[in-house]
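Overview (structure and organization)
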Amino acid sequence: MDHRAMDHRGHGARAFGARRVDRGPYGGDCPVRQGPDGIWQVSGYEEARAVLRSTATVQAGLGIETVEKLPSRFRRPVLYRDGPEHREDRRQTARFFTPRRVDEHYREVMVRVAEAQIDTIRDTGRGLLADAAFHLAIEVAGAVIGLTESRPGVRRRLERFFPEKFGTPGLTSPHGIRWLLRQNANWLRIYWGDVRPAVRARRRRRRDDLISHLLDEGCSAGEVLGECITFAAAGMVTTREFVNVAAWHLFGDAALLARYRAADEPGRIAILQEILRLEPVIGRLRRRTTAPLRLPGDGQDPGAEVTVPAGELVDVLLHQANLDGRTVGERPELLRPGRPMAAGAGAPGLSFGDGAHKCPGAAIALLETDVFLCRLFALPGIRMASPPRVGFKDEIASYELRGCEVVLTERT
């Protein structure tokens, strides 16, 4: 069967492989439904985007239950705020994430760190992709946030902090108590090892980064810590997974790799965007309705609607919405860089979210992934010795890829 189609520029959009990460079959025949647990599930693209853009929903999940227990005087991280306060904060920090700033301020860091990691692979003849990608993501996100005075061991501190599951176990059990003590210790390690040195340096002299902005806003060191952890999760942990899954696709498809190697930077970014549409790192976002929310409810009947009552939990299934053929076109389960999308839909689909909480670091993640991978695949004789092991964080339907080793069959 010929899976070619014409993209908006009139060029052929060839279809390549399917998902590497198995997330089950597409269940979008009913784009809005209520599950047996009472939680609403939204799997249609337009319906998901409507939930994420609605002013009648607020953030839920991602450990927000724990954050809500903090004293009212404590400034919540931006991830856990909604409404005018959240919009104003995003407006003030938007300058750190513009495409121009990414190119002018962060590209040099990306190139320097990527080339150092590639040199290590070249010198040793092998490397673990997850380790190299995490080192890159830490350095780049650190430059954006302002975590540039960290003591040795930052990677280990971050790996110990981010748990396998979000939320807090019941503290009535010995396991719950141990979890709380261990996580408090991890908070302190990051504070003393990374945040406090950065805050002290910027109290002496402000710089053009997020921590300096937070200090100008009157944030305490503890509040800066909360924001740093939030941005670390978004900018470091997820980028590591994206680098891994993109490399997995490129190693496993000779034609796709040839196209990537031959493309210019915009062409390579288009390939990465399509990989991300197919393999969103975060597969589920949760919201709570604050007022009745009307959504299209029947994929076969455009006029049908479903009303989600106020106070309900809604799971937005990004990994399902990105396969909605009504928006992403024919053969949505296949990788087709340059595929024609419905009006208003971006090339990566909803992989960066949408609405007020849309990830501001999309341009950073895409560019640093390309900076690293285009250098990795320029190495003569580079190949994947072992594919990654796939694990999952069920709460956000996120994958974790570990153990992917790359080796050089040609040594200079």
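Criteria and cut-off values
- Numbers given to residues run from 1 along each chain, matching the order in which its sequence is written.
- Only residues with pLDDT of 70 or above have their local features reported here, since the model is predicted, and side-chain atom pairs are shown and tallied only from 80 upward, although totals for entire chains, interfaces and linings are computed over all residues.
- Note that water and hydrogens are dropped before the side-chain values are worked out from all heavy atoms of the structure.
- Here's how the labels work: a residue is buried when its accessible area is under 20% of the maximum for its type, exposed when over 50%, partly exposed in between, all with a 1.4 Å probe on protein chains only.
- Going along the chain from the N terminus, every DSSP run of H or I of four or more residues is numbered as a helix, and every run of E of two or more is numbered as a strand.
- Strands pair, by our definition, only if DSSP identifies at least two bridges between them.
- Expected span of a helix: the number of residues minus one, times 1.5 Å.
- Whether two residues touch is decided by their heavy atoms; if any such pair falls within 4.5 Å, the residues are in contact.
- All axes are obtained by fitting lines to C-alpha atoms, using only the stretch in contact for helices, and the reported angles, taken between N-to-C directions, cover 0 to 180 degrees.
- Crossing handedness is defined as follows: a turn of the near helix away from the far one that is anticlockwise and smaller than a right angle gives a left-handed crossing, while the clockwise case is right-handed.
- In this count, Pro and Cys sit with the nonpolar residues alongside Ala, Val, Leu, Ile, Met, Phe, Trp and Tyr, while Asp, Glu, Lys and Arg are called charged and the others, Gly among them, polar.
- In this text, buried Ala, Val, Leu, Ile, Met, Phe, Trp, Tyr and Cys residues form a nonpolar core when linked through side-chain atoms within 4.5 Å.
- Pairing of aromatic rings covers Phe, Tyr and Trp, the last through its six-membered ring, and needs centres within 6.5 Å; plane angles under 30 degrees mean stacked, over 60 mean edge-to-face, and all others mean tilted.

Our focus in this paragraph is the pairing of strand β9 (residues 305–308). With burial as the criterion, only one face of β9 is covered, namely that bearing Val306 and Val308; the residues Glu305 and Thr307 on the opposite face remain uncovered. Alignment of strand β8 (residues 293–296) against β9, held across four bridges, turns out to be antiparallel. Note that in β9 the partner of arginine 294 across the bridge is threonine 307.

A word on helix α11 (residues 265–278). The terminal C-alpha atoms of α11, which comprises 14 residues, lie 20 Å apart, in line with the 20 Å expected from a rise of 1.5 Å per residue. Among the 14 residues of α11, ten are classified as buried, and the element is accordingly described as predominantly covered. Looking only at α11, the buried set comprises Arg268, Ile269, Ile271, Leu272, Gln273, Glu274, Ile275, Leu276, Arg277 and Leu278. Along its buried surface, α11 packs onto α9 (221–252), α10 (254–262), α13 (325–328) and α14 (362–376).

Another aspect to go through is the packing of helix α5 (residues 129–145) against α9. Where α5 contacts α9, the two axes come as close as 8 Å, and the packing angle between them is 145°. Here α5 and α9 pass one another in a crossing that is right-handed. Residues Leu129, Ala130, Ala133, Phe134, Ala137, Ile138, Ala141, Gly142 and Ile145 of α5 touch α9, and the partners they reach there are Cys228, Phe231, Ala232, Gly235, Met236, Val237, Thr239, Arg240, Val243, Asn244 and Ala247. Broken down by class, the residue content of the contact of α5 with α9 amounts to 15 nonpolar, four polar and one charged.

Counting residues in each nonpolar core, the largest one holds 83 residues, and the members touching the most others are Phe372, Leu373 and Leu376. Broken down by element, this core gets its largest block of residues, 16 residues, from α9. Ranked by size, the runner-up nonpolar core spans 20 residues in total, among them Val42, Val51, Leu52 and Val316.

Across a sheet, paired strands are connected by hydrogen bonds in the backbone, their directions being either parallel or antiparallel. Across the sheet, five strands lie side by side as β3-β4-β10-β7-β5; this open sheet has mixed pairing. Edge strands, defined here as strands with exactly one partner in the open sheet, are β3 (32–34) and β5 (57–60). Each adjacent strand pair in this sheet contributes to an overall mean axis angle of 30°, direction not counted. One ladder, built from four bridges, connects β5 with strand β7 (residues 284–289); its direction is antiparallel. The residue bridging alanine 60 from the neighbouring strand is arginine 286, located in β7. Helix α1 (residues 45–53) contacts β3, β4 (40–42), β5, β7 and β10 (313–317) of the sheet and is inclined by roughly 130° relative to β10.

The next point concerns unusual backbone geometry. Of note, arginine 331 is a non-glycine position whose phi angle comes to about 45°, a positive value. Within the secondary structure, arginine 331 is located in the loop between α13 and α14. Of note in the backbone geometry, alanine 397 takes a positive phi value of approximately 50° without being a glycine. Looking at where alanine 397 falls in the secondary structure, it is placed in the loop between β12 (389–393) and β13 (398–402).

Let's shift gears to the packing of aromatic side chains. According to the stated counting rule, one finds four aromatic pairs in the structure shown. With a centroid separation of 5.4 Å and 80° between ring planes, the pair formed by tyrosine 191 and tryptophan 192 is classed as edge-to-face. For tyrosine 191, a relative accessible area of 19% translates into the label buried. Residue classification places tryptophan 192 among the partly exposed positions, given a relative accessible area of 41%. Taking 4.7 Å as the distance between ring centres and 55° as the angle between the ring planes, the aromatic pair formed by phenylalanine 251 and phenylalanine 377 counts as tilted. Within this pair, whereas phenylalanine 251 is found in helix α9, its partner phenylalanine 377 is found in the loop between α14 and β11 (382–386), the two being separated by 126 residues in sequence.

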